[in-house]
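# Coordinate analysis (summary)
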Amino acid sequence: MKNSTLETTYQRFLENGYVIFDNVLSAEHLNLLRTDYDKILRKKMERLGIVPIDADMESHKRVGRDFRPEGGNHDQNRWNMHLPSTETFLNADIFANPIVLPVVKKILGEDCVAVMLASDTPFPGASFQSYHQDFERLALTVNIALRDVTEADSPLEVVPGTHRKLASNKTLESFTKENVKYSKKEMEWAIGNIAPKRLTCSAGSVIVRDQRMIHRGTAHTGTHYRPLLALWYKAAPGSFSLPKISIPVPNRKTANRVAKKALEYRNKGRATKNKKLINIGSLLGRIVDETSCTDRDYRRVVSEAIWKNLTPSAKNLLRYAEREGETENAALVKRFKKGDRILNSLAGIAGIWKSFV
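Below is a summary of the structure that appears in this document.

Rules used in this analysis
- Residues numbered from 1 in each chain as written.
- Predicted model: local features only at pLDDT ≥ 70, side-chain atom pairs only at ≥ 80, totals over all residues.
- Heavy atoms only, no water.
- Helix = DSSP H or I, 4+ residues; strand = E, 2+ residues; numbered from the N terminus.
- Buried < 20%, exposed > 50% of the residue type's maximum accessible area, 1.4 Å probe, protein only.
- Salt bridge = Lys/Arg side-chain N within 4 Å of Asp/Glu carboxyl O.
- Phe/Tyr/Trp six-rings, centres within 6.5 Å; stacked < 30°, edge-to-face > 60°.
- Lys NZ or Arg CZ within 6 Å of the ring centre and 35° of its normal.
- Pairing = 2+ DSSP bridges.

Turning next to unusual backbone geometry. Look at Ser154: it is not a glycine, yet its phi comes out positive at around 55°. Relative to the helices and strands, Ser154 is located in the loop between strand 4 (140-145) and strand 5 (156-158). With relative accessibility at 1%, the residue Ser154 sits in the buried group. One non-glycine residue, Cys293, lies in the positive phi region at around 65°. Note on placement: Cys293 falls in the loop between helix 8 (275-292) and helix 9 (304-309).

This is how it looks when you write it as structure tokens:
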């Protein structure tokens, strides 16, 4: 990407909180991605025994931000799924694309890390979500459209500019890398006074968006499921912060143990149809991914063959991933016993919480 184009794109992001790159992936690459993605999604649906439900617009409106896995594993008829560590998905063109990555690095810094390689797939009948911020700290989601995203296909709806703080005079302040948290009243004002934008795009396009920006998933009124890859990036990790809690990167052994506990809660919640237990497992699993700076854990180990074929830039983005025969560079990948203690404490709290649901 030319410097002038990069700067223009960067300025658009600072203003709006998102940018869209049209037709980044070739038709051949898209066909391969769609074919493989469809196989693993169908396999997961069969394994969990979940099929989309019939839904009308009234049921769309009743479903909000809380996970309500009727007909899906996330919200109504909506699927979230981590991508496997296969050659198709663990591909530099996907998570270290030369067109997209320069913008990601300009926003987050050269030493940023790819935290999560996942997906969001609503089926017909998927519901509206409530407006929300994913996080109050700066991080990016990079969405890759595997099919066209039209108004009918549950496009993401964003409130442009709300990755910036709202001043007391109801104007948006300049871009900052500091935390941006909207109160309930501020969010209501922003939703009522800033025109929302639905991010429609063609297959092969890429959306880069700030996770602090107010947004929601919209209802799927079309006829075909809409797969969207969802990749998360954040700045070079020092620690992950929950409100008033700073969590240094824990050791992998601890992270994997807590991740297994989170999976146990989710599986038990599905078996007993206990949505609150599913929520606890989902939240705990997300904390593990965030603190560990990777979702390439014991279930998604990167093979030596795939690792060898990655570019240096791609390897740096995945430097916290678990891989075969790994030899970690302690200067690049620091882990902390304090992170172990805090993560274990949070797992303990989740265990206590679990006993009450």
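With that out of the way, let us pick up the pattern of salt bridges. Taken as a whole, this structure holds 21 salt bridges when the rule is applied. A salt bridge links Asp120 to Arg78; the shortest N-O distance between them is 3.3 Å. Note that Asp120 is positioned in strand 3 (residues 113-122) and Arg78 in strand 2 (residues 78-80), a separation of 42 residues in sequence. For the pair shown, Asp120 and Arg78 are each scored as buried. Close ionic contact of Glu110 with Lys105 constitutes a salt bridge, the shortest N to O distance being 3.8 Å. On the basis of relative accessible area, Lys105 is assigned to the buried category, the value being 16%. Here the residues in one salt-bridge network are Glu151, Glu157, Arg198 and Arg216, joined through shared partners.

Taken as a whole and judged by the stated rule, the model has three aromatic pairs. When the centroid spacing of 5.8 Å and the interplanar angle of 85° are considered together, the rings of Phe135 and Trp232 count as edge-to-face. Separated by 97 residues along the polypeptide, Phe135 in the loop between strand 3 and strand 4 and Trp232 in strand 9 (residues 228-234) bring together distant segments of the chain. With respect to burial, Phe135 and Trp232 carry one shared label: buried. Its guanidinium or amino end placed over the ring of Tyr225, Arg42 lies 5.4 Å from that ring's centre, counting from NZ or CZ. When the ring centre of Tyr10 is taken as origin, the NZ or CZ atom of Lys106, which lies over that ring, is 4.9 Å away.

Of all the five residues making up strand 7 (residues 206-210), five are buried; the element is thus mostly covered by neighbouring parts of the structure. Burial along strand 7 is two-sided: the face carrying Val206, Val208 and Asp210 and the face carrying Ile207 and Arg209 are both buried. As paired strands, strand 1 (residues 18-21) and strand 7 are joined by four bridges and run antiparallel to one another. Bridged to Val19 within strand 7 is Val208. As judged from the five bridges shared by strand 4 and strand 7, these two strands associate in the antiparallel manner. Each residue of the ladder has a partner; that of Val142, found in strand 7, is Val208.

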